[in-house]
Amino acid sequence: MIELPATYHQTVLETRRLYLKELNQDILKYVFTSYADSEICSYLGLTNEEFAVEKYKFEKGRTTYQTSFKNFLMIDKLSYRVIGKCGFHTWFFNHYRAEVGYHLVHEEDKRKGLMTEALKTIIRYGFETMNLNRIEALIGPANIASLTLIRKLGFTEEGTLREHYYRYPSIEDSICFSLLKREYDKVDNKW
């Protein structure tokens, strides 16, 4: 079991059914340089294939002088298993904006409202703690579940980025959505 030293602050958010455990650059650096691959897979809830991708991202560097990320493991309160991940990538802290991303690992966890529950908390955290002014979501046109979720959370569709995202074996469009802090302030109580 991976335990972070006391010198590492790890934010843990809580929803009705989930713990949302922070992953940032410092935490990932510690985990990737201190533990065996199998322990890292277990801690992050990754398959071997997913682990290879995450290790590659870690080795290449995921932050720059102007961008960073703040993700959260989604942990089921009853089983304490990692069921997914959500949070912010492409966080431009100097511009007060970030792109939201999310993923549930197993089919059996989908269509239960878990991602809606998690994202409400993550969006609130983004605006209230990270001081974001704009949260973006870029979604493939065929991803109906994600399109429905983002619209339900009050995001505004801004347009289509043509041939924007490579998803093996082709390049796909992305539909661009955003939620602004002033809009969030109006819809937050309606959630």
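Residues numbered from 1 in each chain as written. Predicted model: local features only at pLDDT ≥ 70, side-chain atom pairs only at ≥ 80, totals over all residues. Heavy atoms only, no water.

Participant: Pulling in residues and values, what's your account of the environment of Leu44?
Facilitator: Within the element layout of this structure, Leu44 appears in helix H2 (residues 37–44). Leu44 sits in the buried class, given a relative accessible area of 8%. Not counting the four nearest positions on each side in its chain, Leu44 is found in contact with Leu23, Leu28, Phe32, Leu73 and Val82. (Helix = DSSP H or I, 4+ residues; strand = E, 2+ residues; numbered from the N terminus. Buried < 20%, exposed > 50% of the residue type's maximum accessible area, 1.4 Å probe, protein only. Contact = heavy atoms within 4.5 Å.)

Participant: Any chance you could break down the packing of H2 against helix H3 (residues 48–60) for me, citing the residues and the numbers?
Facilitator: Running from N to C, H2 and H3 cross one another at 100°; their axes reach a closest spacing of 10 Å. Of the possible angle classes, the one that applies to H2 and H3 is roughly perpendicular. Only Asn48, Phe51 and Lys55 of H3 make contact with H2, whose side of the interface consists of Asp37, Ile40 and Cys41. Considering only residue class, the contact of H2 with H3 consists of three nonpolar, one polar and two charged. (Axes fitted to C-alpha atoms, helices over the stretch in contact; angles between N-to-C directions. Parallel < 35°, antiparallel > 145°, perpendicular 65-115°, else oblique. Nonpolar A, V, L, I, M, F, W, Y, C, P; charged D, E, K, R; others polar.)

Participant: Explain the packing of helix H1 (residues 25–34) against H3 to me, using residue names and the numbers behind them.
Facilitator: Between H1 and H3, whose axes approach to 11 Å, the crossing angle comes to 115°. Compared by their axis directions, H1 and H3 come out roughly perpendicular. H1 and H3 meet at a crossing whose hand is left-handed. Facing H1, whose interface residues are Leu28, Lys29, Phe32 and Thr33, H3 presents Phe51, Glu54, Lys55 and Phe58. Its residues assigned to classes, the contact of H1 with H3 shows four nonpolar, one polar and three charged. (Left-handed = near helix turned anticlockwise from the far one by under 90°.)

Participant: Residue-level account of the layout of surface pockets, with values.
Facilitator: Here the second largest pocket defines a volume of roughly 230 Å³. The wall of the second largest pocket is formed by Met1, Ile2, Lys21, Glu39, Ser42, Tyr43, Leu73, Ile75, Tyr80, Arg81 and Val82. For the lining of the second largest pocket, the secondary-structure elements that each account for two or more residues are H2 and strand S3 (67–76). Examining the composition of the lining of the second largest pocket, we find that three residues originate from one element, H2, more than from any other. Here the lining of the second largest pocket is composed, by residue class, of seven nonpolar, one polar and three charged. (1 Å grid on protein atoms, 1.4 Å probe; cavity = no way out; pocket = protein on both sides within 12 Å on 5 of 7 lines; lining within 4 Å. Points joined across faces, edges and corners; volume = space filled by probe spheres on them.)

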